[in-house]
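# What the coordinates show
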There are 2 protein chains.
Amino acid sequence: MSDPAPGDGAVPPPPWERSPRRRASPARVPLTRERIVEAAYVVLDREGYDGLSMRQVAAELGVAVSGLYAHVAGKDEVLRLMYERLFEGHELPPPDPANWQEQVKDFAREGRRRLLLHRDMAKISMTHVPFTPELLVHVESLLAIFRVAGLPDTVAAAAGDVLSTFMDGFVHEESMWDERRRDSKAETWEEMRATIKGYFDALPHERFPNIVALSGKLFDESNDARFELALDIILRGLASYIPPGDAPPSR
Amino acid sequence: MSDPAPGDGAVPPPPWERSPRRRASPARVPLTRERIVEAAYVVLDREGYDGLSMRQVAAELGVAVSGLYAHVAGKDEVLRLMYERLFEGHELPPPDPANWQEQVKDFAREGRRRLLLHRDMAKISMTHVPFTPELLVHVESLLAIFRVAGLPDTVAAAAGDVLSTFMDGFVHEESMWDERRRDSKAETWEEMRATIKGYFDALPHERFPNIVALSGKLFDESNDARFELALDIILRGLASYIPPGDAPPSR
DNA sequence: TTCTATCATTGAACAGTGTTCGCCAGCAAG
DNA sequence: CTTGCTGGCGAACACTGTTCAATGATAGAA
């Protein structure tokens, strides 16, 4: 497109321009890890996780597949770099015992927001354990907030598990429904939701009374509302472990 | 091996044994969905999720790959059947408001137990949304317990999300650590845990004071203890939504 | 018993995948 | 201008899931 091959209507470059052109051709931006990750994101958004192949990434860059392996150990490393770049610049504020709950919620909200930035990103996120040096600062900050808030150490340690598995799992479920919507003929989310609700409403009342009764609550609520509510459930549970008198949420 | 081709030392079967032999050969158990799923489990346990291929399953059955497709739509269906069979017979007791929390915990414990029965099973579990008819009864039973306990409907709807994403996520993390252990030279879990703890202890104290301080709590605790604690966090959060006076956890 | 029709099973093929290796063109240094 | 070198290239390997024409053995009919 922007780099047409000679021979299909394009006149060959005049000889006196050979010198500058010679610079132009090799002056194509050199392949770097950053450019590879960037291209991988483009492919991921367009083709989804299953369509994210090294060949597609190479094609996106207009480069041979084998060229990628000079800068990257393999596909695993590409996925890891994508995962790490997604949370770059994601920093938590210094612990404030007065509203630690809101701080934790903000962390989860921001995490979800970033995961939703790219299609199928939750799939990639879940296959990585966040103990690479760049991601450890998040764990550290979260633990700081928990401890300053007065949570016992064991609870603080477990809280990270609950929060991160929930965050990944929730977004993953969201993207699975979105994928299902893509596969079906439903164009809009509303249409898809109506289809699902119809399926649940059509279930035999006597065998699934509660599902039928809650079909509205299960899917009519927006994902944001369900996410917020679930966050609140988790944080209420955590708060219940703060010893009375220890940094009470007075304010 | 057990079925040597004629011509390399094996004498051909005498003609008078042809009749019984003819029965023996076709008397091989016929291919069924059940046998395919069973073989898939064997391959999964031996090779892990990445080694679970249709060809391996076919080889396990001593059958051509293409033969599988006469009984199964494809690999996706095999994974779905495996997932559904894992939870076969997993039934919840009738709702008892007096100890609904223990009922919910038992559900999660049994779910984790089954997921741990087969290597990488959590990976398979997470890619499925439990809305197939066979699995809907679980959702139904859980909702029943939540509602009878007095949880508001919106909370009951969200509670299922929190619980299932946590269950899958926690076991998935467990199996990821186990996979990492397998890859490393560490044989036992204790050895692996020591390695991890050593890594955390070696972190710079000034940058990661909380991680260093909690390195013991993060990994010395057994997975069971962490799972139980996390369950308790979630259930305390849920319980906080029961309106006062509505089926109080007296006893 | 002999023939036939049926259907489960097969082998080969196709279009992909991640990864490796030998080669070659173009650049910087001498 | 020549030399050395290295980044990118093409081709290949060993896989993957899936399809399809052909085949083999079986059960039923004559």
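For clarity, every value in this text was computed on a predicted model and none was experimentally measured.

For the rest of this paragraph, the subject is the overall build of chain A. Each helix and strand in chain A was counted, giving twelve helices and zero strands. Listed by position from the N terminus, the elements making up chain A come as α-α-α-α-α-α-α-α-α-α-α-α. Of all 251 residues assigned to chain A, the portion counted as buried reaches 45%. Residue pairs at least 24 apart in sequence account for 68% of intrachain contacts in chain A once pairs closer than 6 positions are excluded. For chain A, the exposed surface amounts to about 13,300 Å²; the carbon and sulfur share of it is 54%.

Now for helix α10 (residues 189-201) of chain A. Across its 13 residues, α10(A) extends 18 Å between first and last C-alpha, which sits within 8% of the 18 Å expected from 1.5 Å per residue. Looking at the packing, one finds that the buried side of α10(A) touches α9 (153-183) and α11 (209-219) of chain A together with α8 (133-149) of chain B. Between the side-chain oxygen of the N-cap and the backbone nitrogen of E190(A) there are 3.1 Å, and the N-cap of α10(A) in question is T188(A).

Inspection of the entire model under this criterion finds five cavities of 30 Å³ or more. Size it by volume and the largest cavity reaches roughly 770 Å³. Forming the walls of the largest cavity are 42 residues, and the residues nearest its centre are E173(A), P130(B), G160(B), D161(B) and S164(B). Counting residues per element, the ones that place at least two in the lining of the largest cavity are α9, α10, α11 and α12 (223-239) of chain A together with α6 (100-117), α7 (121-126), α8 and α9 (153-183) of chain B. Looking at side-chain class alone, the lining of the largest cavity contains 24 nonpolar, eleven polar and seven charged residues. Taken as a whole, the second largest cavity spans an internal volume of roughly 650 Å³. What lines the second largest cavity is a set of 36 residues, among which P130(A), V139(A), G160(A), S164(A) and E173(B) lie closest to the centre.

Time to look at the interface of chain B and chain A. Size of an interface, as often reported, equals the accessible area lost when the parts are brought together. Contacts between chain B and chain A engage 55 residues on the former and 55 residues on the latter. Summed over both partners, the interface of chain B with chain A buries about 5,000 Å², with 71% contributed by carbon and sulfur atoms. Taken as a group, E140(B), I233(B) and Y241(B) account for 12% of the area that chain B buries against chain A, more than any other trio of residues on that side. Linking chain B to chain A there are two salt bridges. Viewed at the interface, chain A and chain B are joined by 14 residue pairs in polar contact (both at pLDDT 80 or more). Secondary structure elements with two or more residues in the side of chain B that touches chain A: α8, α9, α10 (189-201), α11 (209-219) and α12 (223-239) of chain B. Counting residues per element, the side of chain B that touches chain A draws most heavily on α9(B), which supplies 17 residues. By residue class, the composition of the side of chain B that touches chain A is 34 nonpolar, nine polar and twelve charged.

Residue and element names in this part refer to chain A. At a minimum axis separation of 10 Å, helix α2 (residues 33-47) and helix α5 (residues 75-86) run at an interaxial angle of 85°. Between α2 and α5, the crossing angle belongs to the class labelled roughly perpendicular. Residues R33, I36, V37, A40, Y41 and L44 of α2 pack against E77, V78, R80, L81, M82, Y83, R85 and L86 of α5. When grouped by side-chain class, the residues that make up the contact of α2 with α5 number ten nonpolar, no polar and four charged.

Each of the two copies of the chain can be brought onto the other by a rotation about an axis and a shift along it. Of the two same-sequence chains, chain B is brought onto chain A (RMSD 0.1 Å, axial shift 0.0 Å) by a rotation of 180°. Put plainly, the chains are arranged around a two-fold axis. Relative to the rotation axis, the closest C-alpha in chain B is found at G237(B), a distance of 1.8 Å. Most of the interface of chain B is mirrored in chain A: 100% of its interface residues are interface residues there too.

Time to look at the nonpolar core. M82(A), W100(A), L238(A), W100(B) and L238(B) are the most contacted members of the largest nonpolar core, which totals 124 residues. With residues up to four places along the chain from it excluded, the contact list for L238(A) reads W100(A), F146(A), L151(A), V155(A), A159(A) and I233(B). Within the second largest apolar cluster, 28 residues are counted, among which are V37(B), A39(B), L44(B) and Y83(B).

A few words now on the packing of aromatic side chains. Scanning the model with the defined rule gives 14 aromatic pairs over all chains in all. Aromatic side chains F131(A) and F200(B) sit 5.3 Å apart centroid to centroid with 90° between the ring planes, which places their arrangement in the edge-to-face category. Pair noted here: F131(A) is in the loop between α7 (121-126) and α8 (133-149) and F200(B) is in helix α10, and the two residues belong to different chains. Ring geometry for F166(A) and F170(A): centres 5.5 Å apart, planes at 50°, overall tilted.

Residues and elements named next belong to chain B. Counting across every chain of the model gives 42 salt bridges over all chains. Here E77 makes a salt bridge to R33, at a shortest N to O gap of 3.1 Å. Note that E77 is positioned in helix α5 (residues 75-86) and R33 in helix α2 (residues 33-47), a separation of 44 residues in sequence. For E77, a relative accessible area of 16% corresponds to the buried category. The class for R33 is partly exposed, based on a relative accessible area of 34%. Measuring nitrogen to oxygen at the nearest pair gives 3.3 Å for the salt bridge that ties D224 to R112.

The subject of this paragraph is the confidence of the model for chain A. Residues and elements named next belong to chain A. Summarising the model, chain A shows a mean pLDDT of 86, and 86% of its residues fall at 70 or more. Averaged pLDDT values for the elements of chain A fall to 34 in helix α1 (residues 18-24) and rise to 98 in helix α6 (residues 100-115). Of the regions scoring below 50 in pLDDT, residues 1-27 engages in two contacts with residues more than four places distant in sequence or in other chains.

This part takes up the layout of surface pockets. Computed from the structure, the largest pocket encloses a volume of approximately 1,800 Å³. In this structure, the largest pocket is lined by 48 residues; those nearest its centre are Y49(A), K123(A), Y49(B), K123(B) and T127(B). Those elements that provide at least two residues to the lining of the largest pocket are α5, α7, α9 and α10 of chain A together with α5, α7 and α9 of chain B. Each residue belonging to the lining of the largest pocket can be placed in one class, and the counts come to 19 nonpolar, ten polar and 19 charged.

All names here are of chain B. Looking at where W100 falls in the secondary structure, it is placed in helix α6. Each C-alpha atom of the pair W100 and A239 lies 9.7 Å from the other, and the pair is 139 residues apart in sequence. Beyond its immediate stretch of four places on either side in the chain, W100 contacts I145, F146, A149, L151, L235, L238, A239 and I242.

Right, let's talk about unusual backbone geometry for a bit. We note that D120(A) has phi near 60°; this positive angle belongs to a residue other than glycine. Within the secondary structure layout, D120(A) lies in the loop between α6 and α7.

Definitions and cut-offs
Just so you know, the residues in each chain are numbered from 1, in the order the chain's sequence is written. Following the order in which they are written, the chains are lettered starting with A and the ligands numbered starting with 1. Whole-chain, interface and lining totals are the exception, using all residues; otherwise, since this is a predicted model, local features are given only for residues with pLDDT of at least 70 and side-chain atom pairs are given and counted only at 80 or more. Side-chain figures throughout are based on the complete set of non-hydrogen atoms in the structure, without hydrogens or water. Where helices and strands are cited, they refer to DSSP runs of H or I of at least four residues and of E of at least two residues respectively, numbered from the N terminus. For every residue, the accessible area obtained with a 1.4 Å probe (protein chains only) is divided by the maximum for its type, and the residue is called buried under 20%, exposed over 50%, and partly exposed between those limits. Whether two residues are in contact is decided by their heavy atoms, any of which lying within 4.5 Å being enough. The Shrake-Rupley method, run with a 1.4 Å probe sphere, supplies the accessible areas, and residue values consider only the shown protein chains as cover. A helix's residues, less one, multiplied by 1.5 Å, set its expected span. Any pair of N or O atoms that falls within 3.5 Å is considered a polar contact. Within protein, one atom must be able to donate a hydrogen and the other to accept it, and sequence-neighbouring residues count only if both atoms are side-chain atoms. Only protein atoms enter the 1 Å grid, on which a cavity is a set of points fitting a 1.4 Å probe that cannot get out and a pocket is an open set with protein on both sides within 12 Å along at least 5 of 7 lines, lining residues being those with an atom within 4 Å of a point. Grid points are joined across faces, edges and corners, and a volume is the space filled by probe spheres set on the points. Three classes are used: nonpolar for Ala, Val, Leu, Ile, Met, Phe, Trp, Tyr, Cys and Pro, charged for Asp, Glu, Lys and Arg, and polar for all others, with Gly counted as polar. As used here, buried area is the combined drop in accessible area, with a 1.4 Å probe, of two parts when they are placed together. Salt bridges are identified by distance alone: a Lys or Arg side-chain nitrogen within 4 Å of an Asp or Glu carboxyl oxygen. Comment: axis = line fitted to C-alpha atoms, over the contacting stretch for helices; angle = value between 0 and 180 degrees taken between N-to-C directions. Small angles under 35 degrees read as roughly parallel and large ones over 145 as roughly antiparallel, with 65 to 115 read as roughly perpendicular and the rest as oblique. Alignment of the copies relies on least squares applied to C-alpha atoms, considering only residues that score at least 70 for pLDDT in both. In these notes, a set of buried Ala, Val, Leu, Ile, Met, Phe, Trp, Tyr and Cys residues joined through side-chain atoms within 4.5 Å is what counts as a nonpolar core. In this scheme Phe, Tyr and Trp rings, the latter by its six-membered ring, pair at centre separations within 6.5 Å, and the angle between planes marks the pair as stacked below 30 degrees, edge-to-face above 60, and tilted otherwise. As a per-residue measure, pLDDT tells how confident the predictor is, with possible values from 0 to 100.

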